[in-house]
Amino acid sequence: MKNKFIYFAVLAALGFASCEPEFENEVTNASYSAGEADFSTYVAVGNSLTAGYMDGTVSRGGQMYSYPNLLAQKFAVVGGGAFEQPSYADDVNNLGGLTLGGMQIAGTRLVIDFSAGGPEPIAGTPTIEVSNLQAKAYNNMGVPGAKSFHLLAPGYGNLAGVALGQANPYFVRHATSPTATVLGDAMSKNPTFFTNWIGANDVLAFATSGGVGVDHNVTGNLDPSTYGGNDITNTNVFASVYSSIVNTLTSNGAKGVVATVPSVTAIPFFTTVPYNPLTSSVLGGGNTAVGDATIAQLNAQLYGPLKQALTAFGAGSRINLLSTTGGNPLLIKDESLTNLSAQLTAAFTPSLGAPTAAFYGSVFGQARQATAQDLVLLTTRSAIGTAPVGVPAPLDKYGITYPLEDKHILIPTEKTAIADATTEYNNAIRAIAASKGLAVADMNAIMNRLVSGLRLEDGQIYTANYFAGTSNISTVLFSLDGVHPNPRGYAVIANEIIKVINMHYKAKLPIYEVGGFPGVTILGSN
């Protein structure tokens, strides 16, 4: 069953691996102008989206396409000063990933292995050693994994805290001291202009974990130092922290652009794997006849008895029989459902015996089939059809005979919590920006437009659907991790910010030709 239902079409004759961006003419043109902005010292704060993270990591080659670096090149046309990013010179083989004391703590970048037909980490061992401290503030202060309140947290760059999960290895590499803060190091550059795109991780970590975390808008917890890594930041905490960040960034008169938090429903990590991939062909390993027989067996031995029992308890809609004529939904656990474990145990005891019936009851007490309102995580594709730890046959196939777990799926209640928090974060961002006269780049709207197709100035339509095969792989703006942009995507982001700057600050800055940037990296073999 390994990945039978989700795959890449043959990627022959695609030469993206060696593409280089074709930047527009960088020669100063008399018509270009900084308008009301001063780009002499530009500083960017944010998370992985600011750092140039793509394909699951920050690499020497990928970092050059960070949107702040692309912006800085355009700012230079109208008097912008030097722009430095954290050094990745130690990424000698351009693999990305991290080591700590020689032990690998983060994976290498993802590539498409032509021989395997799908994405996988590029072979090799990372050479980026976290303990090789740079102790230097940079113009690009994007820190992968950072939430809003992390920018204000002393010790977030303390090497001693990495192994304990109390510090961020990316910030550790260049924090000016063990007690430095991200925002403090950013301000040491005395910015005249800034971009601030922070906040995505305050809700995204909850989403990418499948909702395995706590929503502090429910708990009312206002102390972010007690939050878990996957928790949703309380909206009042976010607004307070965001206000402090913007107040600090503007304290010396700097102008800038803030960006809204994207909705998770617009990124491929949540929209690529279908909720109903179980066809006869898939269940039969490519043989429809075998699949039809498998479906008949599953209906007779599992789905039929389950539906009959659940119907008796008024919950028959949770399970329907599998069909041989179309795609069938995945079997999932929904912790928001009434737990019918005891009732199912009692129903199955006469036929299965008490011990086995109790096991079935515990497994299926909150089980149901997925619907179009559920989001299957991109990482879940490798789990479907595999055996859960310790689960014997015949229930040993995730999503088919054993429910996918909370960590695999976003259910509607979790989606609502994420959407509500995102809306409140963005309301706060807009209000705080308005109070300071700052420009707002609505990245939430841009990402949402990718679902239906984003038409750019060159007439090309770009989408979020990068698993559709060769027909559209050159028009996808996301990297292979399904969350972060690829070089073309970062060029789009840079252009959108430039448009906002041109409008808000009456500047005249040139934009990039997006089609000249690389797409995904394809290897003949890995």
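What counts and what doesn't
- Residues numbered from 1 in each chain as written.
- Predicted model: local features only at pLDDT ≥ 70, side-chain atom pairs only at ≥ 80, totals over all residues.
- Heavy atoms only, no water.
- Salt bridge = Lys/Arg side-chain N within 4 Å of Asp/Glu carboxyl O.
- Buried < 20%, exposed > 50% of the residue type's maximum accessible area, 1.4 Å probe, protein only.
- Phe/Tyr/Trp six-rings, centres within 6.5 Å; stacked < 30°, edge-to-face > 60°.
- Helix = DSSP H or I, 4+ residues; strand = E, 2+ residues; numbered from the N terminus.
- Pairing = 2+ DSSP bridges.
- Axes fitted to C-alpha atoms, helices over the stretch in contact; angles between N-to-C directions.
- Parallel < 35°, antiparallel > 145°, perpendicular 65-115°, else oblique.
- Left-handed = near helix turned anticlockwise from the far one by under 90°.
- Contact = heavy atoms within 4.5 Å.
- pLDDT = per-residue confidence, 0-100.
- Core = buried A, V, L, I, M, F, W, Y, C linked by side-chain atoms within 4.5 Å.

Participant: Can you help me understand the pattern of salt bridges in this one?
Facilitator: Where charged atoms of side chains with opposite charge meet at close range, the side chains can pair. Counted under the stated rule, the structure contains eight salt bridges. Here Arg368 ties to Asp374 by a salt bridge, and the two come within 2.8 Å at their closest N and O atoms. Since its relative accessible area comes to 10%, Arg368 is described here as buried. For Asp374, a relative accessible area of 4% corresponds to the buried category. Asp396 is the partner of Lys397 in a salt bridge, and the nearest nitrogen-oxygen pair spans 3.9 Å.

Participant: Can you help me understand the packing of aromatic side chains in this one?
Facilitator: As enumerated under the stated definition, the model contains 20 aromatic pairs in all. Judged by centre distance (6.1 Å) and plane angle (70 degrees), the rings of Tyr65 and Phe517 are edge-to-face. With Tyr65 in the loop between helix H2 (60-63) and helix H3 (67-75) and Phe517 in the loop between helix H16 (487-504) and strand E16 (522-523), this residue pair connects regions lying 452 residues apart in the sequence. Residue Tyr65 shares its accessibility class with Phe517, and that shared class is buried. Measuring from ring centre to ring centre gives 5.1 Å for Phe269 and Phe270, while their planes differ by 70 degrees; the resulting arrangement is edge-to-face. Grouping residues by exposure puts Phe269 and Phe270 together as buried. Through a chain of ring-to-ring contacts, three or more aromatic side chains come together here, namely Phe39, Tyr42, Phe75, Phe83, Phe193 and Tyr505.

Participant: I keep staring at the pairing of strand E7 (residues 193-197) and nothing clicks. Help me out?
Facilitator: For a regular strand, side chains alternate in direction, first toward one face of the sheet and then toward the other. Along E7, five of the five residues are buried, which leaves the element largely enclosed by surrounding structure. Side chains of E7 alternate between two faces, with Phe193, Thr195 and Trp197 and Phe194 and Asn196 buried alike. As defined by bridge partners, strand E1 (residues 42-46) adjoins E7 across five bridges and the pair is classed as parallel. Looking at the pairing, Ala44 lines up with Thr195 of E7. The pairing of E7 with strand E8 (residues 255-259) spans four bridges and is parallel. Of the residues in E8, the one forming a bridge with Thr195 is Val257.

Participant: Whenever I open this one, the packing of helix H11 (residues 288-312) against helix H12 (residues 341-352) confuses me. Can you help?
Facilitator: Helix-helix packing: each pair is described by the crossing angle between the helix axes and the interaxial distance. For the pair H11 and H12, interaxial distance at closest approach is 10 Å and the crossing angle is 125 degrees. With respect to their mutual orientation, H11 and H12 come out oblique. The two elements H11 and H12 cross, and the hand of that crossing is right-handed. In this structure, H11 uses Pro305, Leu306, Ala309 and Leu310 to contact H12, whose residues at the interface are Leu344, Ala347 and Phe348.

Participant: Even after reading the chapter, I still don't get the confidence of the model for the chain, so can you show me in this structure?
Facilitator: Low-pLDDT stretches of the model should not have their predicted coordinates read in fine detail. Put simply, the chain has an average pLDDT of 91, and 90% of its residues get 70 or more. The model gives residues 1-28 a pLDDT under 50, and that stretch makes 70 contacts with residues more than four places away or in other chains.

Participant: What exactly am I supposed to notice about the nonpolar core here?
Facilitator: Taken as a class, soluble globular proteins show a tendency for nonpolar side chains to be buried jointly. With 147 residues, the main nonpolar core has Phe270, Phe364 and Ile501 as its most contacted residues. The element that contributes the greatest number of residues to this core is H16, accounting for nine residues. Not counting the four nearest positions on each side in its chain, Phe270 is found in contact with Leu204, Ala207, Thr208, Val264, Leu375, Val376, Leu377 and Leu410.

Participant: Quick question: what am I supposed to make of unusual backbone geometry here?
Facilitator: Most peptide bonds take the trans form, and the phi angle of most residues other than glycine is negative. Cis geometry is adopted by the peptide bond preceding Pro394, which originates at Ala393 and carries an omega value of 10 degrees. Along the chain, Pro394 turns up in the loop between strand E11 (375-376) and strand E12 (409-410). Its identity as a non-glycine residue notwithstanding, Asp55 has a phi of 55 degrees, on the positive side. On the secondary structure map, Asp55 appears in the loop between helix H1 (48-51) and H2. Residue Asp55 is classed as buried on the basis of its relative accessible area, which comes to 8%. Its identity is not glycine, yet Lys506 carries a phi of approximately 55 degrees, on the positive side. As for its placement among the helices and strands, Lys506 is situated in the loop between H16 and E16.

Participant: Is there a simple way to think about the environment of Asn247 in this case?
Facilitator: Structurally, Asn247 can be placed in helix H8 (residues 235-249). Asn247 sits 186 residues away from Ala433 along the chain, and the two C-alpha atoms are 9.9 Å apart.

Participant: Is there a simple way to explain the sheet that holds E1 in this structure?
Facilitator: With respect to topology, five strands assemble into an open sheet ordered E6-E1-E7-E8-E13, the strand pairing being parallel. Strands with a single pairing partner mark the edges of an open sheet, and in this sheet they are strand E6 (140-142) and strand E13 (439-441). Along the sheet, successive strands turn relative to each other by an average axial angle of 15 degrees, direction set aside. Together, E1, E6 and E7 form the strand contacts of H3, whose direction differs from that of E1 by roughly 165 degrees. Here H16 sits on the sheet and contacts E7, E8 and E13; the angle it forms with E13, its principal contact strand, is near 155 degrees.

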